[in-house]
Amino acid sequence: MVATESSKKPVIVLDDVHVTYQVFGTGKKANKVKGKSLSRTRMREVHAVKGVSLVIHEGETLGIVGSNGSGKSSLMRAIAGLFPATGGSVYALGKPMMLGVGAALLPNLSGDKNILLGGLAMGYSKKEITQASESIIDFSGLRDFIDLPMRTYSQGMSARLRFSIAATKKHDILIIDEALAVGDRQFRLKAESRIRQMRQEAGTVLLVSHNMKSIQDTCNRVIWLEKGVLLMDGNPKEVCDAYIAAMEKGDTD
Amino acid sequence: MNLADYATANGLTQVGVRPKFGEYLKQVWQRRDFAFIMSLYASESANARSRLGGWWLVLVPSLQAFTYGLIFGLILGSLRPANFIPFLITGVFLFSFFSGSFSAGAKAITSNSGLLKTLSFPRILLPLSAVIREFINFIPQLAILAIVMLVFGQEISWEWLYLIPITFLMFLFSTGLAMISARLTVRIQDLNKLVPFITRLMFYSSGIFFEIERIFADYPELLAIATLNPVHAFISLARGALVNDLQMSPVLWIVATAWSVGTFLFGVFYFWRAEARYGRD
């Protein structure tokens, strides 16, 4: 049972959230099942999140840990409303935003055009993005390259631009899915401090990462998700230690 | 107190539910700049790496018209419509806008899974933007169309301005169709394979290089069906506006308007119904 009597103000409530995907299998193995038609057996269901209930409060920075395929990203997408829960419900105060804009950008276009495009994709108005444009360019440190097509950028450079665009917008609830490892060391420090600042502005941050150090450095509560089930919820050190111990023993597989 | 009551008591609202229709349209309107810039930049980006760049937007349909003109001009012989080149070019160019919108619309959701996974916006912006992009590509073709008309002895007239409402109706129709096909292909990806065949079928039944009135003269039932084809209606109206001896038939105005408004309204509504389900795969 999830505690609801806390005096702190809730900003996200997950009520028995399930996420399932329907996928087409390769067909080979499934077809061996007897007595089922071809079309029926080829459709498989992947149950990525299996009934997670959780209350997240204002001012919390929640770390989410778990092995690959444990349902972390699916849960985050359900919270952001990108991939609605197939069962149960997600409630939130305002609109949780995912930090990430890469998919909207076009490699053939220059950096500054991509700033406009990415900004609009994230919900800025044209006016807002034009005003923010200078500070985005400054933060990315790519002023000399900003009129070159993005495809000419190195991986680190495009990561810097993506982060700079995404990190400009103010969010009430921010979801960061593995976005800290961007650029070189200097930019990473800059990015981390920007995220800390965003956390102060946002109030609530959800951080998915495999980097236990960055989780323990930034979070004040951590949940451990495994095979779509909430395994542990508590203070960062305890949960991370338990998670690391389990990973080293390899007993979650 | 259960969780749902607790959440609502604290002023939280449910995430990932489809907004009401009116609210949805309002959100779409608020994000119109995104749809437009996405279309404009995608169009710019598509030809950014070829030497002739944007010229391909007019070269491709011109080459198409040339090929069809050469082949069907010979095959049809005496069945060739009068003013064959203006007749054919109008058909090919308008059809290329329709077929481009249709195939881009059908892929609008399925080929944008990256966007769907990270950014939240009314999903209808994707098929809408696909059609705007095709429309942006269509504008230079209209200029070429005008030039071809003049070169082949058509006189410039006020009637040419009818192209504005005709293009507008075609845009409405294509947008509606894009929204319908965008949703259908999400559920059944296989439909994307059928798009080229449907397009081909439309191409041959819309009278791009022949007059349906002449070919179907002995089959009144077939002619009646062919007259109801919206793509034929758009093209035939455009010919009536551009080519001197041809007239715009009032019946075709009714056919074109009914299809356009009907398909558009249904398309928006049909797409919205599945709003919370896009991007699942």
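Residues numbered from 1 in each chain as written. Chains lettered and ligands numbered in written order. Predicted model: local features only at pLDDT ≥ 70, side-chain atom pairs only at ≥ 80, totals over all residues.

## A look at the overall build of chain B
Each helix and strand in chain B was counted, giving 13 helices and 1 strand. Ordered by position in the sequence, the α and β elements of chain B form the string α-β-α-α-α-α-α-α-α-α-α-α-α-α. Summarising its shape, the C-alpha atoms of chain B cover approximately 85 × 50 × 40 Å along the three principal directions. Put simply, chain B has 281 residues, and 40% of those count as buried. Looking at chain B alone, contacts between residues at least 24 apart form 82% of all its contacts between residues at least 6 apart. (Helix = DSSP H or I, 4+ residues; strand = E, 2+ residues; numbered from the N terminus. Buried ≥ 20, exposed ≤ 12 C-beta atoms within 10 Å, placed from the backbone. Contact = placed C-beta atoms within 7 Å.)

## Some words on the interface of chain A and chain B
Contacts between chain A and chain B engage 38 residues on the former and 33 residues on the latter. Ranked by the residues each element gives to the side of chain A that touches chain B, the list is headed by helix H3 (residues 111-121) of chain A, at 5 residues. When the residues that make up the side of chain A that touches chain B are grouped by side-chain class, the tally is 27 nonpolar, 6 polar and 5 charged. Note that strand S4 (residues 87-92) of chain A and strand S1 (residues 13-14) of chain B share 2 bridges and pair antiparallel. When the sheet's bridge partners are listed, A:Ala92 is paired in S1(B) with B:Thr13. (Nonpolar A, V, L, I, M, F, W, Y, C, P; charged D, E, K, R; others polar. Pairing = 2+ DSSP bridges.)

## Quick notes on the sheet that holds strand S8 (residues 221-226) of chain A
All names here are of chain A. On the basis of which strands lie adjacent, the open sheet formed by 6 strands has the order S5-S6-S7-S3-S8-S9 and mixed pairing. Of all the strands in the sheet, the pair left with one neighbour each is strand S5 (97-98) and strand S9 (229-234). Direction of pairing for S8 relative to S9: antiparallel, over a ladder of 5 bridges. Residue pairing across strands places Val222 opposite Gly234, the latter belonging to S9.

## Let's talk about the domain arrangement of chain A
One can read the domain layout of chain A as domain 1 (10-98 + 209-249) and domain 2 (101-170). Here the C-alpha centroids of domain 1 of chain A and domain 2 of chain A sit 30 Å apart. (Domains from an automatic or database assignment.)

## Considerations on helix H4 (residues 56-76) of chain B
All names here are of chain B. In a regular helix each residue adds 1.5 Å, so 21 residues correspond to 30 Å; H4 covers 29 Å between its end C-alpha atoms and thus fits that length. Among the residues of H4, Leu57, Val58, Pro61 and Ala65 are the ones counted as buried. Taken together, the buried residues of H4 touch helix H5 (84-107) and helix H7 (125-151). Directly beyond the C-terminal end of H4, a positive phi value near 50° is found at Gly77. (Expected span 1.5 Å × (residues − 1).)

## Observations regarding helix H2 (residues 72-79) of chain A
Residue and element names in this part refer to chain A. The element H2 is extensively covered by neighbouring structure, given that 8 of its 8 residues are classed as buried. Listed as buried for H2 are Lys72, Ser73, Ser74, Leu75, Met76, Arg77, Ala78 and Ile79. Just downstream of H2, Gly81 is the residue with a positive phi angle, here 75°.

## What about the packing of H7(B) against helix H8 (residues 163-187) of chain B?
All names here are of chain B. It is at 9 Å that the axes of H7 and H8 come closest, and there the two elements cross at 145°. Relative to H8, H7 is oriented so that their crossing is right-handed. Two secondary-structure elements touch here, H7 through Leu126, Pro127, Leu128, Ala130, Val131, Phe135 and Leu142 and H8 through Leu163, Phe171, Ser174, Thr175, Ala178, Met179 and Ala182. Of the residues in the contact of H7 with H8, the class split is 12 nonpolar, 2 polar and no charged. (Axes fitted to C-alpha atoms, helices over the stretch in contact; angles between N-to-C directions. Left-handed = near helix turned anticlockwise from the far one by under 90°.)

## Looking at the pairing of strand S3 (residues 61-65) of chain A
Each regular strand shows side chains that alternate between the opposite faces of the sheet. Residues and elements named next belong to chain A. Taken across its 5 residues, S3 has 5 buried, putting it largely inside the fold. Both faces of S3 are covered, namely the face carrying Thr61, Gly63 and Val65 and the face carrying Leu62 and Ile64. Here S3 pairs with strand S7 (residues 204-208) via 4 bridges, running parallel. Note on S7: the bridge partner recorded for Thr61 is Val205. Sheet topology places S3 next to S8; 4 bridges connect them, and they run parallel. Opposite Ile64, over in S8, you have Ile223 as the bridge partner.

## What to know about the confidence of the model for chain A
Residues of chain A with pLDDT of at least 70 account for 86%, and the chain-wide mean is 83. Across chain A, the element-wise mean pLDDT spans from 53 in helix H1 (residues 38-42) of chain A up to 93 in S8(A). (pLDDT = per-residue confidence, 0-100.)

## A look at the packing of H8(B) against helix H13 (residues 250-273) of chain B
All names here are of chain B. Interhelical geometry of H8 versus H13 gives an angle of 35° and a closest axis separation of 7 Å. Note on packing geometry: the crossing formed by H8 with H13 is left-handed. Two secondary-structure elements touch here, H8 through Leu169, Leu172, Phe173, Thr175, Gly176, Leu177, Met179, Ile180, Ala182 and Arg183 and H13 through Ala256, Thr257, Trp259, Ser260, Val261, Thr263, Phe264, Phe266, Gly267, Val268, Tyr270 and Phe271. Across the contact of H8 with H13, the residue classes break down as 15 nonpolar, 6 polar and 1 charged.

## Some thoughts on unusual backbone geometry
A positive phi is found at A:Asp16, a non-glycine position, where the angle reads about 50°. Assignment of secondary structure puts A:Asp16 in strand S1 (residues 10-24). Of note in this structure, B:Asn83 is not a glycine but carries a positive phi near 55°. Among the secondary structure elements, B:Asn83 is positioned in the loop between H4 and H5.

## A word on the nonpolar core
If you look at the biggest cluster of nonpolar residues, it comprises 145 residues, and the most contacted ones within it are A:Ile79, A:Ala92, A:Leu117, A:Ile175 and B:Phe234. Looking at this core element by element, the count peaks at 12 residues for H5(B). The residues that make up this core include at least three from each of domain 1 (10-98 + 209-249) and domain 2 (101-170) of chain A. Apart from residues lying up to four places away in sequence, A:Ile175 is in contact with A:Met76, A:Ile79, A:Ala80, A:Pro96, A:Met97, A:Met98, A:Leu99 and A:Leu206. (Core = buried A, V, L, I, M, F, W, Y, C linked by C-beta atoms within 7 Å.)

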